[in-house]
Amino acid sequence: LRAKTGEFRRRVADAVAAPIVRRGKPLKVLEVGAGTGAITEAIVERMGAGDELHLIEINPEFVKVLQDEFGRLTAPKIRIDALDIEKLPADARYD
């Protein structure tokens, strides 16, 4: 059952991340409610050097998990914030 569950999660993550396509210029992607990073991994796989991924998570325990899992990556650049999405600056722009 765990193998099927893991496969299902991976398919969902791939489907959610599928619209992220490199088009020659650096990407700037926002993931809101990143949780433990189930979808984040699929997003990271579609990004590269020069790109930026901004992870927003309100739960401080999940932020710790995200920092442990993705905080050391350098490509793409990853920013992890413990933040209520309503506090995101209105002028923030993402692809």
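Refer to the structure presented above.
*Asks:* Summarise the pairing of strand β3 (residues 77–82); cite the residues concerned and give the values.
*Replies:* Relative to β3, strand β2 (residues 52–57) runs parallel, the two being bridged by six bridges. Within the sheet, the bridge partner assigned to H54 lies in β3 and is R79. Taken together, β2, helix α3 (residues 60–70) and β3 constitute a β-α-β crossover, and its handedness is right-handed.

*Asks:* With reference to specific residues and values, describe the packing of aromatic side chains.
*Replies:* The tally for this structure, following the rule as stated, stands at zero aromatic pairs. The aromatic ring of Y94 is capped on one face by K28, whose charged end is 5.2 Å from the ring centroid.

*Asks:* I'd like a rundown of the nonpolar core, residues and numbers included.
*Replies:* Within the largest apolar cluster, 17 residues are counted, with the highest numbers of intra-cluster contacts made by I20, V29, I43, M47, L53, L55 and I78. Mapped onto this core, the elements with two or more residues apiece are α1 (2–17), α2 (40–45), β2, α3 and β3. Ignoring any residue separated from it by four or fewer positions in sequence, one finds I20 in contact with L27, V29, I43, R46 and M47.

Basis of the calculations
Along each chain, numbering runs from 1 in the same order as the chain's sequence is written. In view of the model being predicted, local features appear only for residues whose pLDDT reaches at least 70, and side-chain atom pairs are presented and counted only at 80 or more, with totals across whole chains, interfaces and linings using the full set of residues. Each side-chain value is derived from all of the structure's non-hydrogen atoms; neither hydrogens nor water enter the calculation. Here, a strand pair is defined by DSSP locating no fewer than two bridges between the strands. Working definition: helices are DSSP H or I runs of at least four residues, strands are E runs of at least two. Numbering for both runs from the N terminus. Whether a crossover is right-handed depends on one test, that the path from the first strand over the helix to the second runs clockwise when the strands point away from the viewer. Only Phe, Tyr and Trp rings take part, Trp by its six-membered ring, and two of them pair if their centres are within 6.5 Å. Stacked means planes under 30 degrees apart, edge-to-face means over 60, and tilted covers everything else. The rule is short: NZ of Lys or CZ of Arg within 6 Å of the ring centre and within 35 degrees of the ring normal puts a charge over the ring. By nonpolar core we mean a set of buried residues, namely Ala, Val, Leu, Ile, Met, Phe, Trp, Tyr and Cys, connected to one another through side-chain atoms within 4.5 Å. Between buried and exposed lies partly exposed: a residue is buried under 20% and exposed over 50% of the maximum accessible area for its type, with that area taken using a 1.4 Å probe on protein chains only. By definition in these notes, contact holds between two residues if any of their heavy atoms fall within 4.5 Å.

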